[in-house]
Amino acid sequence: LVDYREEEVLVPVSFEVRYGRETRRYDSLVKLWNSWYGEYVEKSSLYPVVFVRFEDLIFHSEYVIGELCECIGGDEVERIMEGFEYLEE
């Protein structure tokens, strides 16, 4: 999935993804991402959609969880977030 360098020339890598019996070809990971999530965005007029990236949960947990709580109508967000703490080994 990653581009690699061949004699200092960036070589794009394309790939195929199987969905059941259907196979789709993508020229980049970005195009796969846009296609995959684009289908959810198209349906978002039928119901609300929130996208949360895993890395945002890892690196900005308190902020993201607080925003999500407010987004879904949480009425005690501040009280809940008071006990928030990062656990590390």
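Here, every reference points to the structure presented above.
Now for a quick tour of the structure. Keep in mind it's a predicted model, so treat the numbers as computed, not measured.

## Comments concerning the overall build of the protein chain
Point 1. For the protein chain, the count of helices and strands is four helices and four strands.
Point 2. Its helices and strands in sequence order give the protein chain the pattern β-β-β-β-α-α-α-α, from N to C terminus.
Point 3. Counting the 89 residues in the protein chain, one finds 13% classified as buried.
Point 4. A sequence separation of at least 24 residues applies to 7% of the contacts in the protein chain between residues at least 6 apart.
Point 5. A total of about 8,200 Å² of accessible surface is found on the protein chain, and carbon and sulfur atoms cover 54% of it.

## Section: the pattern of salt bridges
Oppositely charged side chains can form a pair if their charged atoms are brought close together.
Point 1. A complete count under the given rule lists six salt bridges for this structure.
Point 2. When the shortest N-O distance is used, the salt bridge between Glu 22 and Arg 24 registers 2.9 Å.
Point 3. Residue Glu 22 is classed as partly exposed on the basis of its relative accessible area of 40%.
Point 4. Arg 24 sits in the partly exposed class, given a relative accessible area of 26%.
Point 5. Linking Arg 53 and Asp 56 is a salt bridge whose minimum nitrogen-to-oxygen distance equals 2.9 Å.
Point 6. Beyond isolated ion pairs, a larger network of salt bridges with shared partners links Glu 22, Arg 24 and Glu 39.

So, how was this worked out
- Counting from 1, residues in each chain are numbered in the order their sequence is written.
- Whole-chain, interface and lining totals are the exception, using all residues; otherwise, since this is a predicted model, local features are given only for residues with pLDDT of at least 70 and side-chain atom pairs are given and counted only at 80 or more.
- Hydrogens are left out, water is left out, and the side-chain values use all remaining heavy atoms of the structure.
- A run of DSSP states H or I qualifies as a helix once it reaches four residues; a run of E qualifies as a strand once it reaches two. Both are numbered from the N-terminal end.
- Burial classes: relative accessible area under 20% of the type maximum marks a residue as buried, over 50% as exposed, and values in between as partly exposed (1.4 Å probe, protein chains only).
- By the convention used here, residues are in contact when the closest approach between their heavy atoms is within 4.5 Å.
- What sets the accessible areas is the Shrake-Rupley method with a 1.4 Å probe; for residues, cover comes only from the shown protein chains.
- Only one rule defines a salt bridge in this text: a Lys or Arg side-chain nitrogen within 4 Å of an Asp or Glu carboxyl oxygen.

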